[in-house]
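Each chain is listed here by its residues.
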Amino acid sequence: MTESLEAVEVLDPLGDLDAADSQSATKNRAKVGSARPSSLLYTYGPGATMDLPSFTIMPAGLDDWERIWARRGSVPTVHAPRLLDAVKVHLGPQVSELRPFPWAPKPTSHSREGDDLGVPARVFPQWLRCTNCDILAPLTRYAYRNTNPFRPDQARFEHEKCPGRNGRISKRPMPAVPARYLLACQDGHLDEFPYSWWVHEGARCAAADVPSLAMHDRSLGKGASATIECRACGLKRPMNQAQGEAGAAKIPRCRGRHPHLGLFDKNGCPNATKLMLLGASNLWFPASLSIIVMPESTTETHETVAAELLKAAGPKRVEKYGTNLGKWREYLDEEESPLASLSDGDLAAAIAHLLEPPPSEEELAEQRRTFDPVSLLVPEWNFLQRDPLGKLHKADGKSGLVLSPPDGGVHPGLTAKHVTRVMAIDKLRKVNAVLGFTRIDEMERANDIGQRLVHLSRSGRPAWTVSTEDRGEGIYLQLDEEAVAAWEAKVENPDPNSLWSAHTAAHKRNFDARFSDTAKDIDHLSRFRPARYWLMHTLAHVLIREMAMYSGYSAASLSERIYAWKHEGERPPAAGLLIVTTASDSDGTLGGLVQLSARDNLERVMNKALGRARRCSSDPVCAHRTPKDPEEFLHGAACHTCAMASETSCERANRFLDRRFLVDLPGSVGLGFFN
């Protein structure tokens, strides 16, 4: 969002805790919970609502993280230059680094190490309901309890001297829970529901300036079933009147609020709002990019080196030294900078890039529009075409990648299935970077992403963004391109009665029904996937299910990375898959997946996986599932019994799957690649 913004509050929970510690013996703790880095990246990132045992919080924007990092002398960074370049396309050239979450491990449970770090968060929503008397009020009406430094899960809001529903004052404080109704708009704004405005139908209460409200909810939290009551004037109004298209006209328009940044857009927001329930799945969609770090992705580009020069020297020296290579050499040598090892050609190219005028908003918008996510996969694919020099071959000193050829080579049984390449990835490093988030529509369904991507900083121009670094292992498998191309030409049959035409038509219906109202002008085929992707994607899913039985890892801990695209320009075609398991809070994994790359093991696993793909307990319904108008699902013969995987495993949310492209099923003989 580029419009002017009005800040509301500054967040410094650890600073507030220090102040409280110096003033009282009964310490009010700042920490209220914990989460894994992967959860904070994909489920509970900045701008999302995170349920704690007694209330709900929202991780704050990156501006507030700066106060956390300021408590340390230095800030760690994550080295992934190619990913950083991709982040700059979306967030701007001013992004200079990727940072991990502010966290440090504790050697013992009672250690103080890492107490100065943590993700800052706001209590949101800030309207709470007493579970005993139903009073509905902002959190300032309630007492906050969080005194045990080793039990942050006990943090809670309480209603003291609660009168109850019968008027008897309670001897002990009663717990309060979040009021679960919110308002959201398509541009990512989120606001609390205006309960007083709602019950009085936009007017003021006739009996009190600040009326006492109550929320009566007796249906165990199912839907918008509560009733709001004004205890001053006696008016009541059910929340279900705000639901649906009819209810949309009864709720107020958007105020342009970003609670994770603690501000409102100064000029407001022209959008209509939608009633949302706390915890709704479409309340927050992360926008992120990720790479498997390989040597080609660790090579620093001139753009990356230019950013490092600017960070090291500052704008005044950049202006002073200009293109004087000798001055730059002298400065870098004096500072003992790692950049001093650059060749004259690379250093001159980086300096020239540094002195170029910054791109205009129009140029940045065009870069975002033409960005192709496949560009992040191409360096990985190119490197995986090389043969390891031997067992446990270290690719380079930075990526952390260690590869091995399969024990005994590729099994003849796999070669007969057109498997031409298998590699064991003994060690790998996966880096994920956060761009921002969207609401109501996920990132890939918002063509106007430059407008709808909600930024993580108040300026909208962050100098850094947060990332996670996962380490693990994997198996790489590649199919013969000639066989895949011949099969693909047969499957992508333009006949209107063909299976491929049915999937294409279903994608068009799905696209029209679910795509953002502000982005109807895009060709749906640009988001469709070729037949080879359906093939590799379905194969990855059935292999994940089978490998989970032998590797010692659960199916949910295995994930896929699909390399499947046709020839385009200078980019060669690809047909491969990488199945990996990673962990963000350890040094890696235990090798159970790598063991399955041995020729006999992988042959057995693949035979069993394809054999299981021929049958499903939901057949014949599953085997004959083909979308027909008005159906819009994006899969064919695939269900949770046979081919679908958990959200943590699938990169496409179980879309673009069909067992008929793997093996012949009744009624579809001739379509299976592995006949």
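Each remark here, short or long, concerns the structure printed above.
Notes on the structure in this doc start here. None of the values given here were measured: they were computed from a predicted structure.

**Notes on the overall build of the chain**
- Along the backbone of the chain there are 19 helices and 25 strands.
- For 675 residues, the compact-globule formula gives about 26 Å, and the C-alpha radius of gyration of the chain, at 28 Å, lands near that figure.
- Oriented by its inertia axes, the alpha-carbon framework of the chain measures out at about 85 × 75 × 50 Å.
- For the chain, the residues scored as buried account for 51% of the 675 residues in total.
- The contacts in the chain between residues at least 6 apart in sequence include a share of 71% that link residues at least 24 apart.
- Roughly 31000 Å² of accessible area belongs to the chain as shown, and the carbon and sulfur atoms make up 51% of that amount.

**Details of the nonpolar core**
- In terms of nonpolar packing, the biggest core is built from 48 residues, with Leu-539, Leu-543, Met-547 and Phe-674 touching the most fellow members.
- Residue contributions to this core peak at eleven residues, all from helix H17 (residues 531-551).

**Considering the packing of aromatic side chains**
- Inspection of the entire model under this criterion finds 26 aromatic pairs.
- Ring centres 6.0 Å apart and planes at 55 degrees place the aromatic pair Tyr-321 and Tyr-331 in the tilted group. Of this pair, Tyr-321 sits in helix H8 (residues 302-321) while Tyr-331 sits in helix H9 (residues 325-334), placing them ten residues apart in sequence. Taken individually, Tyr-321 and Tyr-331 each receive the classification buried, so the pair is uniform in this respect.
- Members of the aromatic cluster, connected to one another through ring pairs, are Trp-487, Trp-500, Phe-528, Tyr-533, Trp-534, Phe-656, Phe-661, Phe-673 and Phe-674.
- One cation-aromatic arrangement involves Arg-237 over Trp-198; the distance from NZ or CZ to the ring centre is 3.6 Å.

**So, the sheet that holds strand S11 (residues 181-184)**
- With respect to topology, three strands assemble into an open sheet ordered S12-S11-S18, the strand pairing being antiparallel. Every interior strand has two partners, whereas the edge strands, strand S12 (190-192) and strand S18 (274-277), have only one. With direction set aside, neighbouring strand axes in the sheet form an average angle of 40 degrees.

**Brief notes about the pattern of salt bridges**
- Taken as a whole and judged by the stated rule, the model has 29 salt bridges.
- Here Asp-116 and Arg-72 are joined by a salt bridge, their closest N and O atoms 2.7 Å apart. Of this pair, Asp-116 sits in the loop between strand S4 (97-99) and strand S5 (121-123) while Arg-72 sits in the loop between helix H3 (62-69) and helix H4 (81-91), and the two are 44 residues apart along the sequence.
- Look at Arg-72 and you get partly exposed, because its relative accessible area is 28%.
- Lys-566 is the partner of Glu-492 in a salt bridge, and the nearest nitrogen-oxygen pair spans 2.7 Å. Here Lys-566 lies in the loop between strand S24 (558-565) and strand S25 (574-583) and Glu-492 lies in the loop between helix H15 (481-491) and helix H16 (499-514), a separation of 74 residues in the sequence.

**What to know about the sheet that holds strand S7 (residues 135-138)**
- Sheet architecture is open: eight strands sit in the order S8-S9-S10-S6-S7-S13-S14-S15, paired in antiparallel fashion. Pairing within the sheet leaves two strands with one partner each, and these edge strands are strand S8 (143-145) and strand S15 (236-238). Strand-to-strand, the axes of this sheet are offset by a mean angle of 35 degrees, without reference to chain direction.
- Where S8 meets strand S9 (residues 156-159), three bridges bridge the pair, whose relative direction is antiparallel. Counterpart to Ala-143 in the pairing with S9 is Glu-158.

**Considering the side chain of Ser-170**
- Its location among the elements puts Ser-170 in the loop between S9 and strand S10 (174-178).
- Residue classification places Ser-170 among the buried residues on the basis of a relative accessible area of 19%.
- Sequence-distant contacts of Ser-170, that is, excluding residues within four places in its chain, are made with Lys-161 and Cys-162.

**A few points about the pairing of strand S22 (residues 419-438)**
- Burial runs high along S22: 18 of the 20 residues are buried.
- As defined by bridge partners, strand S19 (residues 285-292) adjoins S22 across eight bridges and the pair is classed as antiparallel. Looking across to S22, one finds that Leu-289 is bridged to Ala-433.
- Across three bridges, strand S21 (residues 402-404) lies against S22 in antiparallel orientation. Note that in S22 the partner of Val-402 across the bridge is Lys-427.

The rules behind each value
- Residues numbered from 1 in each chain as written.
- Predicted model: local features only at pLDDT ≥ 70, side-chain atom pairs only at ≥ 80, totals over all residues.
- Heavy atoms only, no water.
- Helix = DSSP H or I, 4+ residues; strand = E, 2+ residues; numbered from the N terminus.
- Rg over C-alpha atoms; globule rule 2.2 N^0.38 Å.
- Buried < 20%, exposed > 50% of the residue type's maximum accessible area, 1.4 Å probe, protein only.
- Contact = heavy atoms within 4.5 Å.
- Areas by Shrake-Rupley, 256 points an atom, 1.4 Å probe, with all protein chains shown as cover.
- Core = buried A, V, L, I, M, F, W, Y, C linked by side-chain atoms within 4.5 Å.
- Phe/Tyr/Trp six-rings, centres within 6.5 Å; stacked < 30°, edge-to-face > 60°.
- Lys NZ or Arg CZ within 6 Å of the ring centre and 35° of its normal.
- Pairing = 2+ DSSP bridges.
- Axes fitted to C-alpha atoms, helices over the stretch in contact; angles between N-to-C directions.
- Salt bridge = Lys/Arg side-chain N within 4 Å of Asp/Glu carboxyl O.

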